[in-house]
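Single-letter residue listing:
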Amino acid sequence: MTAQELYQAIVSKKSYLCVGLDTDIRRIPAHLQREPDPVAAFNRQIIEATAEYAVAYKPNIAFYEAQGPRGWESLQRTLEYIPKDCFTIADAKRGDIGNTSSLYARTFFDPASSGLDFDAVTVAPYMGRDSVEPFLEFENKWVILLALTSNAGSADFQQLPVDGEKLYEKVIKRSQTWAGAERMMYVVGATRADELAHIRTLIPAHFLLVPGVGAQGGSLADVSRYGMNSQCGLLVNASRSILYASSGTDFAQKAADEARTLQQEMKTQLELKK
């Protein structure tokens, strides 16, 4: 999916919602535990309930890897359930050098190799350019680089002062020489909304993937105010607040209600930006 196609999906649905499929098998409603693949069965209903409100889906790969081989099967089924007009993100946070990074890229971008065909993958920048470039070798695929995360530990490295700048600022500036706004996005946590305006001066045209709205308490209004650009430029992720809106048989309807609430607020924010 190109940047223009993603923007058109945002315009069409009046939404920049990304649903995070952080599906914990221990939290799936009891009536689904009898299914042959409880995770895929749960995800399918979540996707069907939220697809009219979401432009992207983001499985967190750790929740699938933790299930071993059956988890990878659940992931493959889940990817097949996602509508073709939605942007798909493998939230894997990979990053290594040489052949290792190439194999990570094949895992998520080469269906002939792995059976998976995501639009994008999250990548950790710590090892530098040669750890990111293998992901960029796949045409029309995106790298979503970790920039400024919302966890307390981000202060350990990301916000360290280095030659008059914070380290995350240097990461953003340097990485722009690797790919343009058509191939690279950045992760910026919603609880860092106060820094979004500054980040926008560094990367005015890029999409930002913003986790932390919903259960983590990030403000959608603040994220939209400081992070939106003329092409929206935002994918705002919500996971637990949608997935676990109910633990009963009505979980899909409650997920739809939560997604609709976010979409309606996003519609308002898009109209304010006009």
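Scope of this entry: the structure provided in the associated data block. (Residues numbered from 1 in each chain as written. Predicted model: local features only at pLDDT ≥ 70, side-chain atom pairs only at ≥ 80, totals over all residues. Heavy atoms only, no water.)

## Considerations on the sheet that holds strand β8 (residues 184-188)
Here's step 1: Reading around the barrel, the 8 strands line up as β1-β2-β3-β4-β5-β8-β9-β10 and close back on themselves, with parallel pairing between neighbours. On average, each strand axis in the sheet is inclined to that of its neighbour by 30 degrees, with strand direction left out of account.
Here's step 2: Sheet analysis places strand β2 (residues 56-59) next to strand β3 (residues 87-94), joined by 2 bridges and oriented parallel. When the sheet's bridge partners are listed, tyrosine 57 is paired in β3 with threonine 88.
Here's step 3: On the sheet, helix α7 (residues 129-136) packs against β3, β4 (120-123), β5 (142-148) and β8 and is oriented at approximately 145 degrees with respect to β5. (Pairing = 2+ DSSP bridges. Helix = DSSP H or I, 4+ residues; strand = E, 2+ residues; numbered from the N terminus. Axes fitted to C-alpha atoms, helices over the stretch in contact; angles between N-to-C directions. Contact = heavy atoms within 4.5 Å.)

## Brief notes about a nonpolar patch on the surface
Here's step 1: A cluster of nonpolar side chains, namely Ile97, Tyr126 and Met127, defines an oily patch on the protein surface of about 360 Å² accessible area.
Here's step 2: Structurally, isoleucine 97 can be placed in the loop between β3 and α5 (98-109). (Patch = residues over 30% accessible without salt bridge, like charges linked within 9 Å, V, L, I, M, F, W, Y side chains within 5 Å. Areas by Shrake-Rupley, 256 points an atom, 1.4 Å probe, with all protein chains shown as cover. Salt bridge = Lys/Arg side-chain N within 4 Å of Asp/Glu carboxyl O.)

## Quick notes on the environment of leucine 103
Here's step 1: Along the chain, leucine 103 falls in helix α5.
Here's step 2: Taking C-alpha positions, leucine 103 is 26 Å from proline 211, a pair spaced 108 residues apart along the chain.

## Notes on the nonpolar core
Here's step 1: In this structure, Tyr16, Phe87 and Leu235 are the most contacted members of the largest nonpolar core, which totals 92 residues.
Here's step 2: If you tally residues by element for this core, the top one is helix α13 (residues 251-273), at 8 residues.
Here's step 3: The residues contacting phenylalanine 87, other than those within four sequence positions of it, are Met1, Leu6, Val55, Ala56, Tyr57, Asp119, Ala120, Trp142, Met185 and Leu235. (Core = buried A, V, L, I, M, F, W, Y, C linked by side-chain atoms within 4.5 Å. Buried < 20%, exposed > 50% of the residue type's maximum accessible area, 1.4 Å probe, protein only.)

## Let's talk about the pairing of β4
Here's step 1: Residues Ala120 and Thr122 line one face of β4 and the alternating positions Val121 and Val123 line the opposite face, and both faces are buried.
Here's step 2: Strand direction decides the pairing type here: β3 and β4, joined by 3 bridges, are parallel. Paired with arginine 94 across the two strands is valine 123, which belongs to β4.
Here's step 3: Note: β4 against β5, 4 bridges, orientation parallel.

## Some details on the packing of aromatic side chains
The way to describe two aromatic rings as a pair is by their centre distance and the angle between their planes.
Here's step 1: A full pass over the atoms with the stated rule returns 6 aromatic pairs.
Here's step 2: Ring centres 4.9 Å apart and planes at 15 degrees place the aromatic pair phenylalanine 42 and phenylalanine 251 in the stacked group. Of this pair, phenylalanine 42 sits in helix α2 (residues 38-50) while phenylalanine 251 sits in helix α13, placing them 209 residues apart in sequence.
Here's step 3: A relative accessible area of 0% places phenylalanine 42 in the buried class.
Here's step 4: Geometrically, the ring pair formed by tryptophan 72 and phenylalanine 108 is tilted, given 6.5 Å between the ring centres and 35 degrees between the ring planes. Remark: phenylalanine 108 occurs in helix α5 and tryptophan 72 occurs in helix α4 (residues 69-81); sequence separation between them is 36 residues.
Here's step 5: Judged by its relative accessible area of 29%, tryptophan 72 falls in the partly exposed class.
Here's step 6: A residue is classified by how much of its surface remains accessible, and phenylalanine 108, at 1% relative accessible area, is buried.
Here's step 7: Taken together, Phe42, Tyr244 and Phe251 form an aromatic cluster joined through their ring pairs.
Here's step 8: Positioned over the ring face of tyrosine 244 is arginine 27, at 4.0 Å from the centre of the ring. (Phe/Tyr/Trp six-rings, centres within 6.5 Å; stacked < 30°, edge-to-face > 60°. Lys NZ or Arg CZ within 6 Å of the ring centre and 35° of its normal.)

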